[in-house]
Amino acid sequence: MKKQGANRREKIMEAALLLFSVKGYADTSTKLIAKEANVSEALIFKHFENKDKLLFHLIKSGYRRVLVQNKGMLTYHDPKSFLRYMIDLPKKLVSEEPLFWKLQERLSHHEFSKQQHILFMKPVDTVVNKAFTELGMENPELETQFLLLLIDTLWKKEATGDMGNIDEIARLIKTKYGLE
């Protein structure tokens, strides 16, 4: 019986992720999620209490999956290879979890979503700054902010499919920093 409950919970989460990422959080009702997951609406409330808590669970579990799939992503060998990896990372992450990143892009104004993304990105800042410092950049802090701004834009554009030339832009960024 426990296995069936876990499967239903997973079906609810999959349906909610799909609907939230495609229709948006505000335009997705628990009734619609229940219909998509082929479960009763009451089961959603049993597992998650309300739609907000379901969303919070989706966001937290999404970041956990990303971290597990990319364990060691902040491993640092040398500044150039690390920066190349960081520039290519948005495309990789979005390809692994397209619905999650599309949801995150749609929720970029949502306070909880922003907080979770800031927590996810926090350790990156230090390592990127270290790389720019080792490369002898005149202002590593500003270069770090600039690159992270570009990376943030890249994953958002990749998640929404708004930009078809992500690879060319990534190559351009690498060339500008002498990473090719």
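Criteria and cut-off values
- Residues numbered from 1 in each chain as written.
- Predicted model: local features only at pLDDT ≥ 70, side-chain atom pairs only at ≥ 80, totals over all residues.
- Heavy atoms only, no water.
- Phe/Tyr/Trp six-rings, centres within 6.5 Å; stacked < 30°, edge-to-face > 60°.
- Helix = DSSP H or I, 4+ residues; strand = E, 2+ residues; numbered from the N terminus.
- Buried < 20%, exposed > 50% of the residue type's maximum accessible area, 1.4 Å probe, protein only.
- 1 Å grid on protein atoms, 1.4 Å probe; cavity = no way out; pocket = protein on both sides within 12 Å on 5 of 7 lines; lining within 4 Å.
- Points joined across faces, edges and corners; volume = space filled by probe spheres on them.
- Nonpolar A, V, L, I, M, F, W, Y, C, P; charged D, E, K, R; others polar.
- Polar contact = N/O pair within 3.5 Å; in protein donor to acceptor, adjacent residues only side chain to side chain.
- Salt bridge = Lys/Arg side-chain N within 4 Å of Asp/Glu carboxyl O.
- Axes fitted to C-alpha atoms, helices over the stretch in contact; angles between N-to-C directions.
- Parallel < 35°, antiparallel > 145°, perpendicular 65-115°, else oblique.
- Left-handed = near helix turned anticlockwise from the far one by under 90°.
- Contact = heavy atoms within 4.5 Å.
- Core = buried A, V, L, I, M, F, W, Y, C linked by side-chain atoms within 4.5 Å.
- pLDDT = per-residue confidence, 0-100.
- Expected span 1.5 Å × (residues − 1).
- Bend = angle between axes of the 7 residues up to and from the residue.

(A) Examining the packing of aromatic side chains more closely. Scanning all chains against the criterion turns up 10 aromatic pairs. Where Phe56 meets Phe112, the ring centres are 4.2 Å apart and the plane angle is 35°; that geometry is what we call tilted. Pair noted here: Phe56 is in helix 4 (residues 51–69) and Phe112 is in helix 7 (residues 111–134), with a separation of 56 residues, a long-range link. Relative accessible area serves as the criterion here: at 14%, Phe112 is assigned to the buried category. Summarising the aromatic geometry, the rings of Tyr76 and Phe82 are spaced 5.6 Å apart at their centres and angled 50° between planes, so their arrangement reads as tilted. Per residue, the accessibility class of Tyr76 equals that of Phe82, and both read buried.

(B) Representation of the environment of Glu141 within the structure. Within the secondary structure layout, Glu141 lies in helix 8 (residues 140–160). Separated by 11 residues in sequence, Glu141 and Lys130 have C-alpha atoms that sit 9.2 Å apart.

(C) Expanded view of the layout of surface pockets. Computed from the structure, the largest pocket encloses a volume of approximately 160 Å³. Around the largest pocket, the lining residues are Phe146, Leu150, Thr153, Leu154, Lys157, Met163, Ile169, Leu172, Ile173, Lys176 and Tyr177. Breaking the lining of the largest pocket down by element, the ones donating at least two residues are helix 8 and helix 9 (166–176). The greatest single-element share of the lining of the largest pocket, amounting to 5 residues, is contributed by helix 8. Partitioned by chemical class, the residues of the lining of the largest pocket number 8 nonpolar, 1 polar and 2 charged.

(D) Spatial organisation of the side chain of Ser61. Position of Ser61 among the secondary structure elements: in helix 4. A distance of 2.8 Å separates the side chain of Ser61 from the backbone oxygen of His57, its partner in a polar contact.

(E) Representation of the pattern of salt bridges in the model. Summed over the entire model, instances satisfying the criterion amount to 8 salt bridges. Close ionic contact of Glu97 with Arg65 constitutes a salt bridge, the shortest N to O distance being 3.0 Å. One end of the pair, Glu97, is in the loop between helix 5 (79–96) and helix 6 (98–106); the other, Arg65, is in helix 4, and 32 residues separate them in sequence. A salt bridge links Lys174 to Asp88; the shortest N-O distance between them is 2.8 Å. With Lys174 in helix 9 and Asp88 in helix 5, the pair connects residues that are 86 residues apart, well separated along the chain.

(F) Summary view of the packing of helix 6 against helix 8. Between helix 6 and helix 8, the shortest axis-to-axis distance is 8 Å and the interhelical angle comes to 115°. Considering the angle they form, helix 6 stands roughly perpendicular to helix 8. The element helix 6 and its partner helix 8 pack so that their crossing is left-handed. For the pair formed by helix 6 and helix 8, the contact residues are Trp101, Lys102, Gln104 and Glu105 on the first element and Trp155, Lys156, Ala159 and Thr160 on the second. Class assignment for the residues of the contact of helix 6 with helix 8 results in 3 nonpolar, 2 polar and 3 charged.

(G) Main features of the nonpolar core. If you look at the biggest cluster of nonpolar residues, it comprises 53 residues, and the most contacted ones within it are Ile12, Ile33, Leu54, Trp101, Val128 and Leu147. The greatest single-element share of this core, amounting to 8 residues, is contributed by helix 7. Ignoring sequence-local partners within four residues, the contact set of Leu147 consists of Leu83, Ile87, Val128, Phe132, Ile173 and Tyr177.

(H) Structural view of the confidence of the model for the protein. Summary statistics for the protein give a mean pLDDT of 93 and a share of 97% for residues scoring 70 or more. Confidence, expressed as mean pLDDT per element, reaches its minimum in the protein at helix 1 (residues 2–23) with 86 and its maximum at helix 2 (residues 30–37) with 96.

(I) Helix 5, seen in detail. Taking 1.5 Å as the rise per residue, helix 5 with 18 residues should run 26 Å; its terminal C-alpha atoms sit 25 Å apart, in good agreement. Approximately 45° is the largest bend angle found in helix 5, and it occurs at Leu89, with the proline Pro90 only one to four residues beyond. Three or more residues of helix 5 are buried, namely Pro79, Phe82, Leu83, Met86, Ile87, Leu89, Pro90, Leu93 and Val94. Structurally, helix 5 contributes buried residues whose contacts are with helix 4, helix 6, helix 7, helix 8 and helix 9.

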